[in-house]
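# An overview of the molecular structure
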Amino acid sequence: MKIISDIQELRDHLRGQNRASFVPTMGNLHEGHLSLMRLARQHGDPVVASIFVNRLQFGPNEDFDSYPRTMQADIDKLEKEGVYILFAPTERDLYPQPQEYRVDPPQQLGDILEGEFRPGFFKGVCTVVLKLFSCVQPKVAVFGKKDYQQLMIIRQMAKQFALPVDIIPGETIRADDGLALSSRNGYLSTEERAEAPELQRTLQEVREQVLQLNSRNTNALSELEKAAVVKLVGRGWKPDYIAIRQQSDLAPASNESLQSGEPLVILTAAKLGKTRLIDNLEI
Ligand code: AMP
C-alpha cells in the first residue's frame, strides 16, 4: 500500500485510473470501516482510503484534540484489506491556506438533528468531502449508514453539484450486543460500555411501537419519541434527540406518511457520561 500525504503525489499515482473507489475516514479504524473497504472493492478498482481528522467539522468544545489517532494500527488493517493507496494528508497538505470557500448544505437538511446540536458540522463535512473528492477523483465513494444524515447530505451534494461520483451506502456494523461500532466507543468506561447497547435496544422498541400504532392521535409519533427520551433519561443518559423521520428527506414522519407506508427511520444522539453516541434504525 502506498501512503501518500501530498495532493500532487496522489494525483500522479492515480493518473489514468478512472474506476477508483474511495472510502474517507477519520482513522482509528474498526470493522465498520473495514466493511466499507470491502464494499468499495466490489464497486471499483483501485481502492483508495483516506485518514484525516477534519478540524472544520469539530465544534470549539468537541473532541478534536483528543480524537483517537492510531495511524500505525490503521495502516496494518488497511494493508490486510488490500487497499492500494492510503491518502493521509496533514492539515497543511489539505488546507495549505485557510479554507475560506465552504460548502453550506441547505438548512432543512444541514441544520436539523445532528446539525442542530453540532452547528456547522455538516458544513465542515461537506467541505472536506468535496475537497477529498477533488483530490482523489473517484468513480464511487462509500459512506456508512451509521452516519445516516451525513450519507444523505453527501448524496444530495453530489447530485446538486453533478459530481461524477456514485455514493454507495454501507450497512452499520455492530458489536455482538448491538452497539454500533464507533471510534468514540473507546471513550466509554466499563459500566458505560455495558449500558451503551441500550441505545439500539430503545430504537428497536420504538420501531415495534411504530409498527403497532393504530392510533388516529396526531401526536402519537411524537409521544413515542418523548417516551423513549424519558426512558433513556431514567437510565442516566442525556439524549439530544430521538426522532422518527421519513427516509427520503428526514422530514418528521406524519400519520399520513405512516399510513401511506412511507419508509421511515428513527435517529438518535445521546450522551452517556461524556461520550456522545449516535445510532439509527430503519423501519
Ligand atoms: P469516521 O471515521 O467516523 O468519519 O467514519 C468513516 C466512515 O465509516 C463513515 O462513512 C462512517 O459512516 C462509516 N462508519 C462508521 N462507523 C461505522 C459502522 N459501525 N459500520 C459501518 N460504517 C461505519
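Just so you know, these numbers come straight off a predicted model, no measurement behind them. (Residues numbered from 1 in each chain as written. Predicted model: local features only at pLDDT ≥ 70, side-chain atom pairs only at ≥ 80, totals over all residues. Heavy atoms only, no water.)

### Points about the packing of aromatic side chains
As enumerated under the stated definition, the model contains seven aromatic pairs in all. Judged by centre distance (6.3 Å) and plane angle (70°), the ring pair of F133 and F143 falls under edge-to-face. Taken as a pair, F133 in helix α7 (residues 121-136) and F143 in strand β5 (residues 140-144) lie far apart in primary sequence, ten residues in all. One aromatic cluster in this structure is built from F22, F133 and F143. (Phe/Tyr/Trp six-rings, centres within 6.5 Å; stacked < 30°, edge-to-face > 60°. Helix = DSSP H or I, 4+ residues; strand = E, 2+ residues; numbered from the N terminus.)

### Some points on the pairing of strand β9 (residues 275-282)
With seven of eight residues buried, β9 lies mostly within the body of the structure. Two strands pair when backbone bridges link them, and strand β8 (residues 264-272) and β9 are joined in this way by eight bridges, in the antiparallel orientation. Looking at β9, one finds that A269 is bridged to I278. (Buried < 20%, exposed > 50% of the residue type's maximum accessible area, 1.4 Å probe, protein only. Pairing = 2+ DSSP bridges.)

### What about the nonpolar core?
In terms of nonpolar packing, the biggest core is built from 46 residues, with L94, F133, I167 and L250 touching the most fellow members. When residues of this core are assigned to their parent elements, the largest contribution, ten residues, is made by α7. Here this core spans two domains, since at least three of its residues come from each of domain 1 (2-170) and domain 2 (185-282). Among residues more than four places away in sequence, those in contact with L94 are I7, F52, F87, P89, V128, K131, L132 and C135. Listed in part, the 21 residues of the second largest apolar core include A196, L199, L203 and V206. (Core = buried A, V, L, I, M, F, W, Y, C linked by side-chain atoms within 4.5 Å. Domains from an automatic or database assignment. Contact = heavy atoms within 4.5 Å.)

### Describing the UniProt feature "active site" (unreviewed entry) in the chain
UniProt records the feature "active site" (unreviewed entry) at H33, using the numbering of this structure. For H33, the location among the structural elements is in helix α2 (residues 31-43). Excluding residues within four positions of it along the chain, H33 makes contact with T25, G27, N28 and S183. (UniProt positions renumbered as here; feature names shortened; annotations may be inferred.)

### A few points about the sheet that holds strand β2 (residues 21-25)
Judged by pairing direction, the sheet is parallel, and its six strands sit side by side in the order β1-β4-β3-β2-β5-β6 without closing on themselves. Among the strands making up the open sheet, the edge pair consists of β1 (2-4) and β6 (166-170). Sheet twist, expressed as the average angle between the axes of neighbouring strands with direction ignored, equals 25°. In terms of strand pairing, β5 meets β6 through five bridges, oriented parallel. By the bridge assignment, F143 is partnered in β6 with P169. Strands in contact with helix α3 (residues 71-80) are β1, β3 (47-51) and β4 (85-87); relative to β3, the strand with the most contacts, it is inclined by about 170°. Against the sheet, helix α8 (residues 148-160) makes contact with β5 and β6, and its axis sits at roughly 170° relative to β6, the strand it touches most. (Axes fitted to C-alpha atoms, helices over the stretch in contact; angles between N-to-C directions.)

### Some thoughts on helix α1 (residues 7-14)
Looking only at α1, the buried set comprises I7, L10 and L14. For α1, the arc enclosing every buried residue in end-on projection is 60°, short of the 170-degree limit, so these residues lie on one face. On its buried side, α1 packs onto β1, β3, β4, α4 (91-94) and α7. Its side-chain oxygen at 3.1 Å from the backbone nitrogen of Q8, D6 defines the N-terminal cap of α1. In the stretch just after α1, G16 is the one whose phi turns positive, near 85°. (Arc of directions from axis to C-beta. Polar contact = N/O pair within 3.5 Å; in protein donor to acceptor, adjacent residues only side chain to side chain.)

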